[in-house]
Amino acid sequence: MDITPKEYNMLRLYVYKHATIHGFKAQDCDDILHDALLYMLEQNIPVIDKYKIVWKYIGKYRERRNRESKRQVDYDDNKDRT
């Protein structure tokens, strides 16, 4: 897979645009882009399918965030301890 700097920047902006809609921060967007590009390189995915792969990783990050949010326990230090 060959990607030009212009294509990389377009893909990066695409990830930022669509991932921030789902509440992801800049660091998350960079992680999504990195994971998607790594997958494309490892699997030798054609550049045409890059947007599908990006959406796949946005979905994975959303699932992970949803799973992790269910594990969180609220802590209330002012609770009655009787």
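Scroll up for the structure.
Residues numbered from 1 in each chain as written. Predicted model: local features only at pLDDT ≥ 70, side-chain atom pairs only at ≥ 80, totals over all residues. Heavy atoms only, no water.

Novice: Any chance you could break down the overall build of the protein for me, citing the residues and the numbers?
Specialist: The helix and strand tally for the protein stands at three helices and zero strands. In sequence order, the protein lays out its α and β elements as α-α-α. Buried residues in the protein amount to 22% of all 82 residues. When contacts within the protein are restricted to residue pairs at least 6 apart in sequence, long-range pairs at least 24 apart make up 59% of them. Summed over all atoms, the accessible surface of the protein reaches about 6,400 Å², with 50% contributed by carbon and sulfur. (Helix = DSSP H or I, 4+ residues; strand = E, 2+ residues; numbered from the N terminus. Buried < 20%, exposed > 50% of the residue type's maximum accessible area, 1.4 Å probe, protein only. Contact = heavy atoms within 4.5 Å. Areas by Shrake-Rupley, 256 points an atom, 1.4 Å probe, with all protein chains shown as cover.)

Novice: I'd like a description of the nonpolar core, backed by residues and values.
Specialist: Formed by 16 residues in total, the largest nonpolar core has its most connected members in Val15, Ala19, Phe24, Ile32 and Met40. Elements represented by at least two residues in this core include exactly helix 1 (5-21), helix 2 (26-43) and helix 3 (50-71). Contact partners of Ala19, with chain neighbours within four places excluded, come to Phe24, Cys29, Ile32 and Ile58. (Core = buried A, V, L, I, M, F, W, Y, C linked by side-chain atoms within 4.5 Å.)

Novice: Explain the packing of aromatic side chains to me, and be specific about the residues and the numbers.
Specialist: All chains considered together, the criterion is met by three aromatic pairs. Taking 6.4 Å as the distance between ring centres and 85 degrees as the angle between the ring planes, the aromatic pair formed by Phe24 and Tyr61 counts as edge-to-face. Of this pair, Phe24 sits in the loop between helix 1 and helix 2 while Tyr61 sits in helix 3; the two residues are 37 residues apart in sequence, bridging distant segments of the chain. Against the face of Tyr61 rests Arg64, its NZ or CZ located 4.6 Å from the ring centre. Arg65 extends its terminal NZ or CZ atom over the ring of Phe24, reaching a point 4.4 Å from the ring centre. (Phe/Tyr/Trp six-rings, centres within 6.5 Å; stacked < 30°, edge-to-face > 60°. Lys NZ or Arg CZ within 6 Å of the ring centre and 35° of its normal.)

Novice: Which residues make up helix 2, and what are the values?
Specialist: In an α-helix, one turn spans 3.6 residues, which is why side chains three or four residues apart end up on the same side. Helix length check: helix 2 (18 residues) gives 26 Å between terminal C-alpha atoms against 26 Å at 1.5 Å per residue, within 8%. Taken together, the buried positions of helix 2 are Cys29, Ile32, Leu33, Ala36, Leu37 and Met40. Projected down its long axis, helix 2 carries its buried residues within an arc of 125 degrees, all on one side. Within helix 2, the exposed residues directed more than 90 degrees away from the buried face are Gln27, Leu41 and Glu42. Among the residues trailing helix 2, Asn44 stands out with phi positive, at a value near 55 degrees. (Expected span 1.5 Å × (residues − 1). Arc of directions from axis to C-beta.)

Novice: Before we move on, can you summarise the environment of Tyr61 with the specific residues and values?
Specialist: Among the residues examined, Tyr61 registers a relative accessible area of 10% and is labelled buried. Spatially, the C-alpha atom of Tyr61 lies 8.4 Å from that of Asp28, the residues being 33 residues apart in sequence. Residues contacting Tyr61, with those up to four places away along its chain left out, are Phe24, Asp31, Ile32 and Asp35.

Novice: I'd love a proper account of the packing of helix 1 against helix 2, names of residues and values included.
Specialist: One can describe the packing of helix 1 onto helix 2 by two numbers: an axis separation of 9 Å at closest approach and a directional angle of 130 degrees. Looking at the two axes, helix 1 sits oblique to helix 2. Between helix 1 and helix 2 lies a crossing of right-handed hand. Residue-level contacts link Tyr8, Leu11, Arg12, Val15, Tyr16, Ala19 and Thr20 of helix 1 to Ala26, Cys29, Asp30, Ile32, Leu33, Leu37 and Met40 of helix 2. Of the residues belonging to the contact of helix 1 with helix 2, the class tally is eleven nonpolar, one polar and two charged. (Axes fitted to C-alpha atoms, helices over the stretch in contact; angles between N-to-C directions. Parallel < 35°, antiparallel > 145°, perpendicular 65-115°, else oblique. Left-handed = near helix turned anticlockwise from the far one by under 90°. Nonpolar A, V, L, I, M, F, W, Y, C, P; charged D, E, K, R; others polar.)

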